[in-house]
Each structure stands twice: as C-alpha cells, then as structure tokens.
Amino acid sequence: MKETWLPTGASDPVSFTCTCPALSKGDGLVLLFYRYFDATPSVPTSHYDLKNDPASLASFHATVTRKLEIGGKIRIAREGFNVTIGGTKFAVEDYMQECISHWSFAGLDLSTQEKQYQFFKPTCGGCACVFGGSPASVRVTSEITPMGVTNYIPAKWDRVESLSPAEFHERCHSNPNTMLVDVRNHYESRIGYFIDPKSGEPALRPALRRFSQWPQCCQSCEEFDKQAPSTELNSGQTERRPVCFCEKEREAELWGATSEKDLKIQGWKKNKRKLQSGTSINIQVMTIQ
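Residues numbered from 1 in each chain as written. Predicted model: local features only at pLDDT ≥ 70, side-chain atom pairs only at ≥ 80, totals over all residues. Heavy atoms only, no water.

Caption draft 1: Representation of the environment of Ile195 in the model. Within the secondary structure, Ile195 is located in strand β6 (residues 192-195). Judged by relative accessible area, Ile195 falls into the buried class, the value being 6%. Spatially, the C-alpha atoms of Ile195 and Val181 are 10.0 Å apart, while their sequence positions differ by 14 residues. (Helix = DSSP H or I, 4+ residues; strand = E, 2+ residues; numbered from the N terminus. Buried < 20%, exposed > 50% of the residue type's maximum accessible area, 1.4 Å probe, protein only.)

Right, here's the structure in full:
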C-alpha cells in the first residue's frame, strides 16, 4: 500500500501535469464507484462474515492494483468500499473483471457491459498517471465517505433516495422553507456554485475543507444561534448579525477580503422573497471565470 506524504488533515493537490504517454494516445481510463453493502441490492447473507473483514478486502484491491500498475485511492470499511482509480485502458478493464468476480460485488447485476459501465462509471481518454501511478493508496477506514459521524448507519436503506438533477430541482422549488446548502470542498465551489431558486442569492456555503467537517459546522452554527438573538430585518430590536460565522469565513476564503460581501442578516431571505414575484424554472449554477 502507498504511504501518504501529506500531513495529517491535508488533501491531495487540485492541479496535475501528466507525464505518461497514455494521454497522447487517449489510452487512460479512470473509475469512480462505491458500494454500501447493506444498500439495495445488498450483499447476500452468505457473505456477511466476509464483509466484517475489511483488511482482507483491502488486501485484494492492493494486490490487484499493484499487479496491474494502477494508481488511485481506495477506502475500505465494514460498511463497503469507495474506489477512485486510474491506469491504462487495458489495465483498468482487467481490474473491473477482477472486481466483478469477487464476493464483494455479489448481488449486483453486472451481466452486461452497459450495466458494468453504469456501476463503474469509467471516464475515457485521460492520462493513466492522474493519481500518481502505482501503487494505489488502499486504506481501511471507519467510513468510506467521511461524514464525521462515527458508526452512523441508515435505519432503512430503502428510504434513502437518489435524486436525478430534475428531481433535485423540483425539491428545491416545492418547499418554500427549503434552504440550499453547498457542502462541497472549497476548490469545487471555486469552479461554480448553486444559486438559490427563490432568493436569487448564492447557496449557503459553509467553510468546509472536507465533507467530514459538516457536522462540526452544524454544531458551531447552532451554538451561534443560541448566543445571538434572532430578529427580522429592520425590526430595530437587536443588532444585525450574519446568518452564521461559517458563511462569512467561506466567502472570505473564496473571494478574499477585498470582495467580501456585506454581512447577511437574520430574516433577509424572507423579506427579499416578499418583494419578488414569480419563480425560475431551474436551479442556476454560477460559473466562476
């Protein structure tokens, strides 16, 4: 397994210069896929003992990626796996077949190439060394997608919904009290961010470096609400205050102090909506030049 050179809490760089010949040939292939063992379709009960041995599953991925000279990041936990890997088209396609025949993929319908591509979600035509080359970073973790909440498991996986873009837009419009919160990494928000369909303002963007910081952010905002009095705009009863410190910190991080916006105050969205008529059809996305 690859040893990380990054300090604790740091993330991989967001820019990369390809040095392999696969890029010019369009021979690179990247896969991004994950699986929660208890989510439908779940792993057969006959494999329950195996899923409780994440070290064995990590060893499988480490062995295969090393043999095929594939790089990337693979996170294994009792709850499932989260895989992002890259290599030559030939090597990655071999990796897919190795995975399909492994017990950890049991219960999935991967009987056709179309279904395999829907699950593995390959991205063709790139370079083969985008993740630093072989060996891949394979680690056993407590969560395959860190949320910062230990031992959380949905009570009913069949109640967990996966929304299409159109369904997501509809949900945002259907409830007048919905607040749009962008919990992506800050470098993703630098590329573009969502616009609230009702207020026309940018979505609330907490100062998150990683998604696992989201619960901590919620706690800090809740404590802030308890400490500061809540008021409507121009009520004259209390001082104006920002919605939360997290949003102010995020805006300063993204845009810098010189272009920082005026502080938003409690109740500003509600009052602004009173002055607006009509609604937009889609959720807008602001692209940053």
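Caption draft 2: Quick look at unusual backbone geometry. The amide bond that connects Thr40 to the next residue, Pro41, takes the cis arrangement and shows omega of -5°. Its place among the elements puts Pro41 in the loop between β1 (28-36) and α2 (48-51). Here the amide bond leading from Ser134 into Pro135 is cis, since omega sits at 0°, within 30 degrees of zero. Position of Pro135 among the secondary structure elements: in the loop between β4 (123-126) and β5 (137-140).

Caption draft 3: Looking closely at the nonpolar core. Judged by nonpolar contacts, the single largest core of 30 residues is most densely connected at Phe33, Phe81, Tyr95, Phe105 and Phe120. Within the residue set of this core, elements represented by two or more residues are β1, α3 (54-67), β2 (71-77), β3 (80-88), α4 (89-100) and α5 (113-120). In this view, Phe105 contacts Phe33, Arg35, Phe81, Cys99, Ile100, Leu110, Phe119 and Phe120; residues no more than four positions away in its chain are not counted. Within the second largest apolar cluster, five residues are counted, among which are Cys20, Cys127, Ala128 and Cys129. (Core = buried A, V, L, I, M, F, W, Y, C linked by side-chain atoms within 4.5 Å. Contact = heavy atoms within 4.5 Å.)

Caption draft 4: View of the packing of α4 against α5. Between α4 and α5, whose axes approach to 12 Å, the crossing angle comes to 95°. The orientation of α4 with respect to α5, classified from their angle, is roughly perpendicular. Where α4 abuts α5, its residues Glu93, Met96, Gln97, Cys99 and Ile100 lie against Gln116, Tyr117 and Phe120. Each residue belonging to the contact of α4 with α5 can be placed in one class, and the counts come to five nonpolar, two polar and one charged. (Axes fitted to C-alpha atoms, helices over the stretch in contact; angles between N-to-C directions. Parallel < 35°, antiparallel > 145°, perpendicular 65-115°, else oblique. Nonpolar A, V, L, I, M, F, W, Y, C, P; charged D, E, K, R; others polar.)

Caption draft 5: Region of the structure containing α5. When α5 is considered as a whole, its buried residues turn out to be Gln116, Phe119 and Phe120. Buried residues of α5 fall within an arc of 85° about the axis and therefore sit on the same side. Every exposed residue of α5 that faces more than 90 degrees away from the buried side is listed here: Glu114 and Gln118. Where α5 is buried, its residues meet β1, β3 and α4. Positive phi appears at Lys121, one or two residues downstream of α5, with a value of about 50°. (Arc of directions from axis to C-beta.)

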